[in-house]
Structures are given as C-alpha cells and as structure tokens.
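# Observations on the three-dimensional arrangement
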Amino acid sequence: MDAVAKISKDSVVSIEYTLTDEAGVVVGRSPGNDPLSYVHGRGGVVPGLERELTGKSVGDQVSVTLEPKDGYGVYDDTLTFEMPRARLPATVQPQKGMALVMNGAGGRQFPVVILEVKPESVVIDRNHPFAGKTLRFDVRVKGLREARPEELNDCCSSGTCSV
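The following paragraphs examine the structure supplied in this document. (Residues numbered from 1 in each chain as written. Predicted model: local features only at pLDDT ≥ 70, side-chain atom pairs only at ≥ 80, totals over all residues. Heavy atoms only, no water.)

## Here's the deal with the side chain of S57
Here S57 shows up in the loop between α1 (47-53) and β4 (61-66). S57 has contacts with A5, K6 and V141, leaving out every residue within four places of it along the chain. (Helix = DSSP H or I, 4+ residues; strand = E, 2+ residues; numbered from the N terminus. Contact = heavy atoms within 4.5 Å.)

## Describing the layout of surface pockets
Size it by volume and the second largest pocket reaches roughly 150 Å³. Here the lining of the second largest pocket takes three residues from strand β1 (residues 11-20), the largest share from any one element. For the lining of the second largest pocket, the class distribution of residues is nine nonpolar, one polar and no charged. (1 Å grid on protein atoms, 1.4 Å probe; cavity = no way out; pocket = protein on both sides within 12 Å on 5 of 7 lines; lining within 4 Å. Points joined across faces, edges and corners; volume = space filled by probe spheres on them. Nonpolar A, V, L, I, M, F, W, Y, C, P; charged D, E, K, R; others polar.)

## Digging into the nonpolar core
V13, I15, L49, L53 and F137 are the most contacted members of the largest nonpolar core, which has 18 residues in total. When contributions to this core are tallied by element, the ones reaching two or more residues are β1, α1, β4 and β9 (135-146). If you tally residues by element for this core, the top one is β9, at five residues. In this structure, L53 is in contact with I7, I15, Y38, H40, V62, V139 and V141, ignoring residues within four places of it in sequence. In terms of nonpolar packing, the next biggest core, distinct from the first, is built from 10 residues, M83, L100, M102 and I124 among them. (Core = buried A, V, L, I, M, F, W, Y, C linked by side-chain atoms within 4.5 Å. Buried < 20%, exposed > 50% of the residue type's maximum accessible area, 1.4 Å probe, protein only.)

## What about the pattern of salt bridges?
A full pass over the atoms with the stated rule returns nine salt bridges. Between R51 and D70 there is a salt bridge whose closest N-O contact spans 3.6 Å. Placement of R51 in helix α1 and of D70 in the loop between β4 and β5 (80-84) is noted, with a sequence separation of 19 residues between them. Look at R51 and you get partly exposed, because its relative accessible area is 46%. Of the charged contacts, one joins D70 and K69 as a salt bridge, the two residues approaching to 3.2 Å between their closest N and O atoms. Judged by relative accessible area, which is 16%, D70 ranks as buried. (Salt bridge = Lys/Arg side-chain N within 4 Å of Asp/Glu carboxyl O.)

Now the structure itself:
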C-alpha cells in the first residue's frame, strides 16, 4: 500500500498512546510495542483525538486533554437500568463493579458494569467506563498508509474500524 504523508480520512494510522484521567492516573495505553491501528475518519478513536490527529505525520507527537463530549461522551443516567438476575448467564456470580459484555439486538455486543446487586435483580450501567470524564491522550504517530479496499468495506459493514 502507498504511504501517506499526512493523516486524512480513510488512511490507516498506527499510534502509541497513554491515556490518563483527571488525577493523572494512567487508565489506558497501547500494549507494549504493539501500536493501535485504525482507519481515520471512521470512528476508530474518540472524536476529539481524531480531530487532533488530522494532518499529522509519522513521528509527530500530540498531547490533548478532551472534555467528555469530545471523548467517550457525557454520562447518561438513562443508560442505567435494573434487570432480573435470571437474565445473566448461570455461570456469572454478580458483584458490584463487575464488568460484563452483554448481547443486544442484532447480535451486537456492549460492555456493562454492575452498579448494584439485589436479591432478584442487578442494576446495570451501559455508559462507557470513561463517559463523563475529562481525559488526556499522549500520542505518537508510528505509522501511516492508505487503507486497503477490504479495510474500508469492513468499516462500513461492522461499524468498527480497528485494523
């Protein structure tokens, strides 16, 4: 694939990153020497980070603090709900703070966190764990190239654009 000089829509971008919360605690990072790769402009990273990376080149470093609306979204109280414990898999012993992946309509999976365990039900939170949080991304662009047609097709069909 052809190299691309600057990050633009439909380019495959590889980044190393460190993500810290408002207190400066590291809450995420690219694993080891394995950069995160995504198709730019297709929702593969949060909107504010994508905006800040547009136009950057290999070797560039970006440090950006994002408010919730530009990161993982504002916290939405309507995404918390109570459901019967019987809807959980039989192998799950629910505990407060436990993270699970639930199956939704059309087979889509979504992460949830158990907020409260009651005798016959659990209170579930469907917000992203970083929703409502101001976060800082420290990023180095490690690679950049044109996306292959199949990568673009995968983005359109799956709704996720990690490579």
